[in-house]
Amino acid sequence: MKIRNVLSALAIAGLLGVASVGAASAVTLNTMNGSEPASLDPHRISGDWENRIVGDYIEGLMAEDAHAEAIPGQAESWDVSEDGLVYTFHLRDGIQWSDGTPVTAGDFEFAFRRILDPKTASDYAYLQYPIKGASEIADGSMPVDSPDFGVKAIDDKTVEITLENPTPYFLQLLTHYTAYPLPKHVVEAKGDDWVNVQNIVSNGPYTPVEWVPGNYVKSVKSETYYDKDKVQIDEVYYYVQDDLAAAFNRYRAGEYDILTDLPFDQQQLVKDTMPGEGRFAPFAGIHYYVLNEEKPPLDNVEVRKALSIAVNRAIIGPDIWGSGEPPAYGWVPPGVTNYDVPPYMPEYASKSYEENVAEAKAIMEGLGYTADKPLQLQIRYNTNDNHQRLAVAISAMWEQINVKTELFNAETPVHYDALRAGDYQVGRAGWLMDYADPSNMIELLETGVTQDGKMNWGNNYGRYSNPEFDRLAAEAEKEPDLKKRAELYAQAEKIAMDEFAAIPLVYYLAANVVKPNIQGFEDNAKDTHRTRWLTKTE
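Bear in mind that the values here come from a model prediction, so they are computed numbers and not experimental data.

Asks: Would you take a moment to explain the sheet that holds strand β16 (residues 426-432) for this structure?
Replies: Where strands meet in a sheet, backbone hydrogen bonds hold them as pairs that are either parallel or antiparallel. The 5 strands are arranged β15-β14-β16-β13-β19 in an open sheet whose pairing can be described as mixed. This sheet does not close on itself; its edge strands, each paired only once, are β15 (403-410) and β19 (503-509). Averaged over all pairs of adjacent strands, the angle between their axes in this sheet comes to 25 degrees, without regard to strand direction. As paired elements, strand β13 (residues 282-291) and β16 share 7 bridges and run antiparallel to each other. Bridge pairing in β16 links His287 to Gly430.

Asks: Got a minute to help me understand the packing of helix α9 (residues 301-309) against helix α11 (residues 353-366) in this structure?
Replies: The N-to-C vectors of α9 and α11 enclose an angle of 155 degrees; their axes lie 8 Å apart at closest approach. Considering the angle they form, α9 stands roughly antiparallel to α11. When the axes of α9 and α11 are compared, the crossing they make is left-handed. Judged by residue contacts, Glu302, Lys305, Ala306 and Ile309 of α9 engage Tyr353, Asn356, Glu359, Ala360, Ile363 and Met364 from α11. Taken together, the residues of the contact of α9 with α11 break down into 6 nonpolar, 1 polar and 3 charged.

Asks: Would you take a moment to explain the sheet that holds strand β4 (residues 75-80) for this structure?
Replies: Read across the open sheet, the 4 strands follow the order β4-β5-β7-β6; overall the sheet is antiparallel. Pairing within the sheet leaves two strands with one partner each, and these edge strands are β4 and β6 (151-155). Within the sheet, the average angular offset between the axes of one strand and its neighbour, ignoring direction, is 25 degrees. Sheet topology note: the β4/strand β5 (residues 86-91) ladder contains 5 bridges and is antiparallel. Of the residues in β5, the one forming a bridge with Val80 is Tyr87.

Asks: Help me understand helix α13 (residues 412-421), please; the structure alone is not making it clear to me.
Replies: Residues that lie three or four places apart on an α-helix share one face, since the helix turns once every 3.6 residues. Within α13, 7 of the 10 residues are buried, which leaves it mostly tucked inside the rest of the structure. Taken residue by residue, α13 has Thr412, Pro413, His415, Tyr416, Ala418, Leu419 and Arg420 as its buried positions. Two residues or fewer after α13 comes Gly422, characterised by a positive phi angle close to 75 degrees.

Asks: How should the environment of Ser77 be read in this particular structure?
Replies: Relative to the helices and strands, Ser77 resides in strand β4. Between the alpha carbons of Ser77 and Leu127 there is a distance of 23 Å; along the sequence they are 50 residues apart. Those residues in contact with Ser77 that sit more than four places away from it in its chain are Thr88, Phe89 and His90.

Asks: I'm lost on the packing of aromatic side chains in this one. Help?
Replies: The description of an aromatic ring pair uses the distance of the two centres, along with the angle that the planes make with each other. Applying the stated criterion across every chain yields a total of 21 aromatic pairs. For the pair Tyr225 and Tyr226, a centre-to-centre distance of 4.5 Å together with 45 degrees between the ring planes defines the contact as tilted. Under the relative-accessibility criterion, Tyr225 is labelled buried at 2%. Feature note: the residues Trp78, Tyr87, Phe89 and Phe170 constitute an aromatic cluster, connected by ring pairs. Here the basic side chain of Lys515 rests over the ring of Tyr251, its NZ or CZ set 4.0 Å away from the ring centre.

Asks: It is not clear to me how the pairing of β6 should be interpreted in this structure. Could you clarify?
Replies: Along any regular strand the residues' side chains alternate between the sheet's two faces. Taken together, the 4 bridges between β6 and strand β7 (residues 158-162) define a ladder with antiparallel strand orientation. Of the residues in β7, the one forming a bridge with Lys152 is Glu160.

Asks: I'm lost on helix α15 (residues 467-478) in this one. Help?
Replies: Helix length check: α15, at 12 residues, gives a terminal C-alpha distance of 17 Å against a target of 16 Å (1.5 Å per residue), a fit within 8%. Of the residues making up α15, those classed as buried are Phe469, Leu472, Ala473 and Ala476. Considered in projection along α15, the buried side chains sweep an arc of 100 degrees and stay on one side of the axis. Among the exposed residues of α15, those pointing more than 90 degrees away from its buried face are Pro467 and Lys478.

Asks: What's the story with unusual backbone geometry in this structure? I'm lost.
Replies: The phi angle of most residues is negative, glycine excepted, and most peptide bonds adopt the trans form. In this structure, Pro297 follows Pro296 across a cis peptide bond, with omega equal to 5 degrees. Topologically, Pro297 is positioned in the loop between β13 and α9. The phi angle at Asn402 is positive, at roughly 70 degrees, despite the residue not being glycine. For Asn402, the location among the structural elements is in the loop between α12 (385-399) and β15.

Asks: How should I be thinking about the side chain of Glu59 in this particular structure?
Replies: Inspection of the secondary structure assignment puts Glu59 in the loop between α2 (48-57) and β2 (62-64). Only 2.6 Å separates the side chain of Glu59 from the side chain of Tyr225, close enough to count as a polar contact.

Asks: I would appreciate a short explanation of the pattern of salt bridges in the present structure.
Replies: Pairing is possible between side chains that carry opposite charge, provided their charged atoms lie close to one another. Under the counting rule described, the total for this entry stands at 29 salt bridges. A salt bridge links Lys526 to Glu64, with the nearest nitrogen and oxygen atoms 2.7 Å apart. Of this pair, Lys526 sits in the loop between β21 (518-519) and β22 (535-536) while Glu64 sits in strand β2, and the two are 462 residues apart along the sequence. Of the two residues examined, Lys526 and Glu64, each falls in the buried class. In this structure, Arg471 and Glu475 form a salt bridge, with 2.7 Å as the shortest nitrogen-oxygen distance. Of this pair, Arg471 and Glu475 both sit in helix α15, 4 residues apart, which is roughly one turn of that helix. We classify Glu475 as partly exposed; its relative accessible area is 35%. A network of salt bridges, in which partner residues are shared, links Asp41, Arg44, Arg114 and Asp192.

Rules behind the numbers
Once a new chain begins, its residue numbering starts again from 1 and follows that chain's sequence as written. Per-residue local features of the predicted model are confined to residues with pLDDT of at least 70, and side-chain atom pairs are confined, for both listing and counting, to 80 or more; whole-chain, interface and lining totals are unaffected and use all residues. As a rule here, side-chain values come from all non-hydrogen atoms in the structure, and water together with hydrogens is ignored. When DSSP locates at least two bridges between a pair of strands, those strands are taken to pair. Each helix corresponds to a stretch of at least 4 residues labelled H or I by DSSP, and each strand to a stretch of at least 2 residues labelled E; elements are numbered beginning at the N terminus. Axis lines are fitted through C-alpha atoms, for helices just across the contact stretch, and the angle between N-to-C directions can take any value from 0 to 180 degrees. For classification purposes, angles smaller than 35 degrees are called roughly parallel, those larger than 145 roughly antiparallel, those between 65 and 115 roughly perpendicular, and all remaining angles oblique. When the near helix sits turned anticlockwise from the far one by under a right angle, the crossing is termed left-handed; a clockwise turn instead gives a right-handed crossing. Contacts: residue pairs with any heavy atoms within 4.5 Å of one another. Each residue gets one of three labels, nonpolar for Ala, Val, Leu, Ile, Met, Phe, Trp, Tyr, Cys and Pro, charged for Asp, Glu, Lys and Arg, and polar for the others, Gly among them. Each residue is placed in one exposure class: buried if its accessible area under a 1.4 Å probe, protein chains only, is under 20% of its type's maximum, exposed if it is over 50%, and partly exposed if it falls in between. Ring pairs shown here join Phe, Tyr and Trp side chains whose ring centres sit within 6.5 Å, with only the six-membered ring taken for Trp; geometry is labelled stacked below 30 degrees between planes, edge-to-face above 60, and tilted in between. We count a charge as sitting over a ring when the NZ of a lysine or the CZ of an arginine lies within 6 Å of the ring centre and within 35 degrees of the ring normal. Each residue after the first adds 1.5 Å to the expected span of a helix. The arc in question is traced by the directions running from the helix axis to the C-beta atoms. Counted as a polar contact is a pair of N or O atoms within 3.5 Å, where, for protein atoms, one must be capable of donating a hydrogen and the other of accepting one, and residues adjacent in sequence contribute only when both atoms are in side chains. Just to be clear on terms, a salt bridge is a Lys or Arg side-chain nitrogen sitting within 4 Å of an Asp or Glu carboxyl oxygen.

And the structure:
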């Protein structure tokens, strides 16, 4: 018995030794990912912190290269009809889910129908409205299983997508997670629990294997991915951390390989002491405040005007944050493709800040808000050092025009749930463009759709609604001439900004910090960096 125990112990020790060698040789990427994911289901997310995880484990017909440009994904090729309305995608040979089940055209058709199903109530379904019948399914006027829907599995390896109108950015749109396939066999067997890590399967480079709420999501390299031999990172930890100062300290201590955000007042320190590690580059996105127009007096355009013009945008980037973000007066960020029009510039942008404050104060006093009887507002923001500093500064700016504010912060998923539910007055928001086309910004302000008797406002948190704006946006979506299309979108943007549908603040600058031993991290206009393109050396 003793001999057997000793031999067993030696055998176990040997196995542990082998395991430890294997673990030591695994290439691990530790990423500070920001907030807690609301879900790993691509139909129930909307944040970049969720996109980083989901985009590593599911791949669409189109994928993204290191520069975030559209490249062949699960489809190896495609054909487009002469009128630009019908795209026929041919899937790669041998692609499969991580449980060995083949990926089929039916998985794509199933996923498109599911995200548009009113029962799913996806806040992001509208992104796929260029597809024929998509908006009708979403508003309930077309059955989910209608044969008239524009996505069809012609056979197991062929997906045909018919559009309502020619859509110049459609291939780029297909890189978005709202266009990802779902494992139909797992979703039908497990329902909403398909996305639990014990059930989840992937068709992308990685597979989630562990989720510790409040701590991290762990994914490992998939052995069934068609391009697995080129994937160099074996496992990736997406750490949950909204405390940016603590995250920076952990990075400096070597615990993180990548920071996806940074206290803005630390950028100069990074530039001075960590040459080459700070990746501060402009990309297509906007920081803004939304005003809940269902809550008086924010339904009054004059109140919204006073609040907007009393914000000194020019000092946010250089002074409040110390990072140099350019001020935003319009809605569509500069440099967007298919938008060759003069940038929107309101009259107040040419006035001095003192003049704007005087006008805003006069408006508020004319409405009965005085120093003795100020307008009481609550500013909500998602927990983040930078958002807190901005909220404190804007609170002081508004105090000059007889507005007294209360600041309220919450973790990111809770914060955005409140915005979608309309449970706020003033809320901080940010938008990173999904594709470089003005439609992606204009859609944020379109009137929502009624689903099962309830209005789904999507990502239009402020509940702004203007029939003329909606008409121009709809007309632009159908306009094949890109110059006329841009002009229509510009008219829509002007209407919304003249009515202060939201308060644009500053345009985004990426604030990534990357260890020198990480290669393949390329600055790009979407600030999207898929792990499959990264390598790590010791």
